[in-house]
Amino acid sequence: MTVTDASASTCFRSLASLLLKPPATIEVLPGDASIWIPDVAERSRSPFLFTENNLGVPEKELRRSYLFAVPMFSAARKASGFHALENSSNHIMSSMIQDLIDSSAVLILTNPAHQTALNARKHLIVRNLINTGQELEFTAALLSSRHCCKQGELWYHRRWLLQRIHPISSFPQGLVADEVPDSPNFYLPPNDLSVEINVVARACELYPRNYFGWTHRTICIQSALVPGVHSTTSDVFTEILPKEIISVMQWIESHVSDYSAVHHLARLTEDAESDSLPDNLLPMIEHALTLVRAFPEHETLWQYLRVFWNEMDVTTTFIASFVLPLQSTGMAEQENKARAVQHACHFLEWRNGKLK
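The text that follows walks through the structure, step by step, so that each part is easy to find.

Calculation notes
- Along each chain, the written sequence defines residue order, and numbers are assigned to residues from 1.
- A pLDDT threshold of at least 70 governs which residues receive local features in this predicted model, and a stricter bar of 80 or more applies before side-chain atom pairs are shown or counted, although totals over entire chains, interfaces and linings include all residues.
- Side-chain measures were taken over the full set of non-hydrogen atoms in the model, leaving aside hydrogen atoms and water.
- Three labels apply to residues, based on accessible area from a 1.4 Å probe with only protein chains included: buried if under 20% of the type maximum, exposed if over 50%, partly exposed otherwise in between.
- Numbering of helices and strands runs from the N terminus, with a helix taken as a DSSP run of H or I at least four residues long and a strand as a DSSP run of E at least two residues long.
- Any two strands are treated as partners once DSSP identifies two or more bridges connecting them.
- Every axis in this analysis is a line fitted to C-alpha atoms, fitted for helices over the stretch in contact. Angles between the N-to-C directions lie between 0 and 180 degrees.
- Any two residues whose heavy atoms approach within 4.5 Å are treated as being in contact.
- Here a polar contact means two N or O atoms within 3.5 Å. Within protein one must be a hydrogen donor candidate and the other an acceptor candidate, and residues neighboring in sequence count only if both atoms are side-chain atoms.

## Here's the deal with the pairing of strand β3 (residues 54-58)
Counting buried positions over the five residues of β3 gives four, a clear majority of the element. Relative to β3, strand β2 (residues 49-51) runs antiparallel, the two sharing three bridges. Across the sheet, F50 pairs through a bridge with L55, a residue of β3. Linking β2 back to β3 in an antiparallel pair, the connection comprises two residues, with E52 at a positive phi of about 50°.

## Brief notes about the sheet that holds β2
Reading across the sheet, the three strands line up as β1-β3-β2 and stay open at both edges, with mixed pairing between neighbours. The sheet is open, and its two edges are formed by β1 (25-29) and β2, each paired on a single side. Pairs of neighbouring strands in the sheet enclose a mean axial angle of 15°, with direction left out of account. With five bridges connecting them, β1 and β3 associate as parallel partners. Counted as the bridge partner of E27 is G56 from β3.

## Structural notes on the environment of D258
Within the secondary structure layout, D258 lies in the loop between α12 (235-254) and α13 (259-271). For the pair D258 and L301, spaced 43 residues apart in sequence, the C-alpha to C-alpha distance is 8.8 Å. Once residues within four sequence positions are removed from consideration, D258 is found in contact with R209, W214, W251 and T300. Within polar-contact distance, the side chain of D258 engages the backbone nitrogen of A261 at 3.2 Å.

What follows is the structure, encoded as structure tokens:
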């Protein structure tokens, strides 16, 4: 092994070890380690920043580790063969499995849509060679990185883990997935639901309008509302949907262009049983009206208004006092004003179609 190979091997092993702790957050940093760790002696020990369980990975060092991981992953996957994983007590086989675990972790950080690496880890989890709970923590760390949190494959991998940890069929009530075909095939207890909501919220701050993150949140909320798993009269059950609606309303206030959040809200209200929804939707309507008046140039807010729209005094007044005057201004010179006029016209077309 040359000096260069030894250096790449050390870099790779150091990164794999840090990834599998796993850290609380991961951030890929521009440039190489010398920018972030000026001290040569310190950099020679590890080219990565690890402070208070937060991992910083210089992009150049990630690339070096990736190039080292690719042939290792291929060789370990071929040599071990999934049919031979049952004999993991063998020392050579155990080493190959560790190579597979380490290399797949680096491959996924570099390319979170790497299906072959994700599938390899699934096989290892099925054979109890990777702990499911630790893998859930690993994916949470990956999803704290901007370039990872926008990948649908990684969110799907996380749901696959949740299905293994919280399968519906394991509950004493005897409920099985076939009995609730329109529901997710796992159930999240309240504490676990809170964890998923926090993971999504962090990811959606990092990558705005994160469709895959919000889809994950929708599925998780639905999984907590699976009928028959718990008493529908319990406080925890009855509060899940109203709390989520309020939480998303607050999110939209500070993220007025997040159409994925509005889509999440629409799916929840469309799919929910009527007795799960709040008795009075007026606060949501008034909230949407207030935001549209404040930021009429944002199409997302007009879509938000449609989710809870209902013909009543307050909405009739809104049409007469705001939408019609806005529409009648015609083509405005200012770009924002022009967009607001266009959205108002489209909204009136939509409303008129509903009234027919």
